[in-house]
Amino acid sequence: MVVLTTPSIDQIPLLKSTKQVPHFTYVPTIDLSKPESTLSIVNACKSLGFFKVKNHGVDMELIERLEDGAREFFSLAQYEKEICGSTKAPFGYGNKRIGPNGDVGWLEYLLFAIKNGAVDHVSMPSFQASYNVFCSALNEYISAMRNLASQLLQQIAKGLLIASGDALSSLITNENSDQILRLNHYPPCPRLKSGLTGFGEHTDPQLISILRSNSVGGLQFALRDGRWISAPPDPNSFFVIVGDSLQVLTNGRFKSVRHRVVAQEHKSRLSMIYFAGPPVSQRITPLPELMQDGEESMYREFTWGEYKRAAYKTRLADYRLGHFEKETGNLIN
Ligand SMILES: C=C1C[C@]23C[C@@]1(O)CC[C@H]2[C@@]12CC[C@H](O)[C@@](C)(C(=O)O1)[C@H]2[C@@H]3C(=O)O
Ligand SMILES: O=C(O)CCC(=O)C(=O)O
Ligand SMILES: [Fe+2]
């Protein structure tokens, strides 16, 4: 059994809002083998900021191989996990603390930077025997996620009638693009108070995130009116999440979505999330082809590097784009 160490369970906050939509479990499910998927993706990005995809072409055997490796790692003794790290914060193993500014949740995780399409080295002395097999699975998975993210961004460009089909996808397929892979493990929470935070509410800063979990629930999304819905787990599909950068690139036509994970009492949730970001020098500014006559950017100009630096000074639940919004902007419905 995994027993998470300090901070103690009493230091983990309860969920901020438990206002839920009664019996609402609808997450748009998009079949990528269907030609109408392009329009459905754009509609879901505009109305909700999340959806899930099936018939995505990613091999289940690969997913299971990575999940097995992650499970094996997380079942190591606590001291063996604690020594797995990277010289570059925030990468490597983490336990309960999320980010540098005091956020805590009921989870442990492995965070990997991706360099030239492969995981950047994390020192794992206690996982030596399985390291090569694990890294192969990580790298194959990263390649599959990059292809899927690129396909989704091409469909988004097409659905938004942007002539250069790779205007968005090229931001994340560039060899210098800044991507992260995260493996989250939420052990069963023994003394579950109702609604204990697994991973606190937040938006993802990148363009899109692709999330896959085992069959244990806990993931929730905020609707535009502030109510929360639970997304039933679906190990055969991927959840796709609109991030802050895609909100800016579309000048607010898409909005990044707040999401969170609620701790579970009896079962262990394992998730793997791929965050597709652009190169650090990339200017994040609305795509010119999308702008109507006289439309102005709602945001000050910034690069992905600047946004990331600012993000790491914020708390998880902060509205990070607020700092980059112009005081007056024209809103597009
Ligand atoms: C509290 C924080 C953790 C985070 C960096 C931040 O300062 C604000 C954004 C957080 C987030 C959310 C999505 C991803 O899980 C993540 C890796 C990212 O890119 O931004 C995390 C950051 C983190 O865990 O370091
Ligand atoms: O673990 C999950 O299911 C979601 C985690 C998440 O939102 C994140 O890591 O940014
Ligand atoms: Fe997230």
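Further up the page is the structure itself.
Attention here is on the structure that accompanies the text. Bear in mind the structure is a predicted one, so any value in this text is a computation, not a measurement. (Residues numbered from 1 in each chain as written. Chains lettered and ligands numbered in written order. Predicted model: local features only at pLDDT ≥ 70, side-chain atom pairs only at ≥ 80, totals over all residues.)

Turning next to unusual backbone geometry. Of note, the bond from Ala89 into Pro90 is cis; its omega dihedral lies within 30 degrees of zero at 5°. For Pro90, the location among the structural elements is in the loop between helix 3 (78-82) and strand 3 (92-98). A positive phi angle, near 50°, is found at Asn116, a position not held by glycine. Mapping Asn116 onto the fold places it in the loop between strand 4 (103-115) and strand 5 (118-119). (Helix = DSSP H or I, 4+ residues; strand = E, 2+ residues; numbered from the N terminus.)

This part takes up the packing of helix 1 (residues 37-47) against helix 4 (residues 128-159). Two elements in contact, helix 1 and helix 4, have axes separated by 8 Å at closest approach and are oriented at 85°. Taken together, the axes of helix 1 and helix 4 lie roughly perpendicular to each other. The segment helix 1 lies against helix 4, with Ser37, Thr38, Leu39, Ile41, Val42 and Cys45 engaging Leu152, Gln155, Ile156, Lys158 and Gly159. Per-class residue counts for the contact of helix 1 with helix 4 are six nonpolar, four polar and one charged. (Axes fitted to C-alpha atoms, helices over the stretch in contact; angles between N-to-C directions. Parallel < 35°, antiparallel > 145°, perpendicular 65-115°, else oblique. Contact = placed C-beta atoms within 7 Å. Nonpolar A, V, L, I, M, F, W, Y, C, P; charged D, E, K, R; others polar.)

Bringing the environment of Ile12 into the picture now. Mapped onto the elements of the fold, Ile12 is located in the segment before strand 1 (29-31). Overall, the presence of 21 C-beta atoms within 10 Å leaves Ile12 in the buried class. Sequence separation between Ile12 and Ile241 is 229 residues, and the spatial gap between their C-alpha atoms is 25 Å. Not counting the four nearest positions on each side in its chain, Ile12 is found in contact with Val104, Gly105, Trp106, Leu196 and Thr197. (Buried ≥ 20, exposed ≤ 12 C-beta atoms within 10 Å, placed from the backbone.)

Another aspect to go through is the pairing of strand 11 (residues 238-242). Among the five residues that make up strand 11, five are buried, leaving the element largely enclosed by the rest of the structure. The alternating pattern of strand 11 places Phe238, Val240 and Val242 and Phe239 and Ile241 on opposite faces, both of which are buried. Sheet analysis places strand 8 (residues 208-213) next to strand 11, joined by four bridges and oriented antiparallel. Within strand 11, the position partnered with Ile208 by the bridge is Val242. (Pairing = 2+ DSSP bridges.)

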